[in-house]
Amino acid sequence: MEDAIMYTEDVRKQFGDVVALDGLDLVVPSHTVYGLLGPKGAGKSTIMRILATLTRPSSGRAVVAGFDVARDPADVRQVIGLAGQDASLDDELTGRENLLIFGRLSRLGARGARRRADELLERFGIAHAGNRLVGTYSHGMRRRIHLIAGLLRAPAVLLLDEPTTGLDAHSRVEIWESVRQLVDDGTTVLLATQYLEEVERLASAVGVIDQGQLIAEGSPAQLKAQLGRHVDVVVESMDHLPSAMARLERLTGRCPETDGSRIVVSAVERMPTLPLIVSELDASGAVIRNVGIREPGLDDVFLTLTGRNIKPAEPVETPGAVW
Ligand SMILES: Nc1ncnc2c1ncn2[C@@H]1O[C@H](COP(=O)(O)OP(=O)(O)OP(=O)(O)O)[C@@H](O)[C@H]1O
Ligand SMILES: [Mg+2]
């Protein structure tokens with residue numbers, strides 16, 4: 001645990017009858033993006049809020065940069081920045097004015113807050129809009145102001161709660177670029193998300209969280225490797241299905257599934273070469289329209305681990321929505 005900047009031990013959090021966290025153990029290494037991946041209600045925001053000292057664990061321990069969140073909350077607040085899921089901005093103020101309020105809340109001092117806000121507005125490419133009312137901002141610009149608010153105190157650890165939910169593709173890429181810059185500068189980021197693509201793009205380690213527990217952990221590549229690879233075959237005619245399926249089962253040792261003309265063999269541990277698959281299918285007499293070997297995505301990982309899909313609705317830009 002020496003190179004861990006943050007860890008939790010058996011953290012439980014109960015809200016009345018609801019168990020939000022059910023013995024969560026997390027270890028977040030320094031100078032990385034650690035992706036916390038889970039569906040709605042998994043407990044992502046709850047652990048973020050505990051690490052940010054906004055709420056206390058019912059039991060268990062959480063430690064940030066050597067400080068216990070329950071015993072030394074003031075010390076934890078010195079090293080942590082939070083860009084929370086439901087923080088809101090004042091539409092009647094400019095982006096810069098909003099940041100100065102966050103600066104005051106962070107006890108930065110007026111001059112320090114101004115200097116830091118201007119520096120970050122510049123750095124995140126939004127200085128040109130700093131003096132415009134937030135009411136006129138795009139969704140992506142608002143998110144960047146939130147990100148900056150979390151960074152005013154130059155934290156060693158940034159907690160980012162679903163930073164791109166609801167954003168269009170272009171704004172998401174911009175946020176990802178900002179997060180990469182932060183890590184290059186030495187910040188550790190704990191990133192909660194429902195988007196598989198987001199952790200694949202940014203995180204070097206991923207914890208999959210479901211119903212308040214960590215159900216899997218590893219690099220995106222390790223998680224995918226647990227699953228083996230998939231074979232996809234499309235046959236020309238339904239008549240060819242039985243013989244092709246029988247051949248594929250013999251070849252891979254796994255039971256193929258089909259939805260008509262398409263056959264999928266999932267989680268193949270010892271994958272035959274593509275030329276061998278093609279020649280065996282050929283020998284079975286099946287006419288093949290398409291054949292390929294596919295790497296599983298993290299959505300396959302989630303489905304395998306929980307038996308449920310992790311598929312939030314496609315992000316849409318909702319004018320006027322607050323984060
Ligand atoms: N203040 C609260 N009072 C009561 N229940 C709560 C409270 N905060 C969270 N919960 C419950 O705890 C569980 C975990 O919630 P949490 O917000 O941590 O999930 P999440 O993973 O962040 O979900 P989402 O992806 O929707 O943001 C949910 O069942 C939620 O309804
Ligand atoms: Mg949440």
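Cut-off values and rules
- Residues numbered from 1 in each chain as written.
- Chains lettered and ligands numbered in written order.
- Predicted model: local features only at pLDDT ≥ 70, side-chain atom pairs only at ≥ 80, totals over all residues.
- Heavy atoms only, no water.
- UniProt positions renumbered as here; feature names shortened; annotations may be inferred.
- Helix = DSSP H or I, 4+ residues; strand = E, 2+ residues; numbered from the N terminus.
- Buried < 20%, exposed > 50% of the residue type's maximum accessible area, 1.4 Å probe, protein only.
- Contact = heavy atoms within 4.5 Å.
- Areas by Shrake-Rupley, 256 points an atom, 1.4 Å probe, with all protein chains shown as cover.
- Lys, Arg positive; Asp, Glu negative; His and termini not counted.
- Charge placed at Lys NZ, Arg CZ, Asp CG, Glu CD.
- pLDDT = per-residue confidence, 0-100.
- Axes fitted to C-alpha atoms, helices over the stretch in contact; angles between N-to-C directions.
- Parallel < 35°, antiparallel > 145°, perpendicular 65-115°, else oblique.
- Left-handed = near helix turned anticlockwise from the far one by under 90°.
- Nonpolar A, V, L, I, M, F, W, Y, C, P; charged D, E, K, R; others polar.

Looking at an unreviewed UniProt entry, the protein carries the name ABC transporter, with the source organism given as Streptomyces bungoensis. Quoted verbatim from the Subcellular location (unreviewed entry) heading of the UniProt record, the comment on the protein is "Cell membrane".

(A) Just the overall build of the protein, in detail. Within the protein, the regular secondary structure consists of 11 helices and 14 strands. Per-residue burial over the protein gives 49% buried out of 323 residues. For the protein, the share of sequence-separated contacts (at least 6 apart) that also reach a separation of at least 24 residues comes to 68%. A total accessible area of about 15,500 Å² is found for the protein, and carbon and sulfur atoms account for 49% of it. Computed over 36 positive and 44 negative side-chain charges, the inter-centroid distance for the protein is 5 Å.

(B) Here's a closer look at the confidence of the model for the protein. When pLDDT is averaged along the protein, the result is 88; 94% of the residues meet or exceed 70. In the model, residues 313-323 has pLDDT below 50 throughout and makes 26 contacts with residues more than four positions away in sequence or in other chains.

(C) Structural context of the packing of helix α4 (residues 110-123) against helix α5 (residues 139-151). Their axes nearest at 10 Å, the elements α4 and α5 cross at an angle of 135°. Comparing the axis directions of α4 and α5 gives the class oblique. Handedness of the α4/α5 crossing: right-handed. Packed against α4, whose contacting residues are R116, L120 and L121, the element α5 presents I145, I148 and L151 at the interface. Counted by class, the contact of α4 with α5 contains 5 nonpolar, no polar and 1 charged residues.

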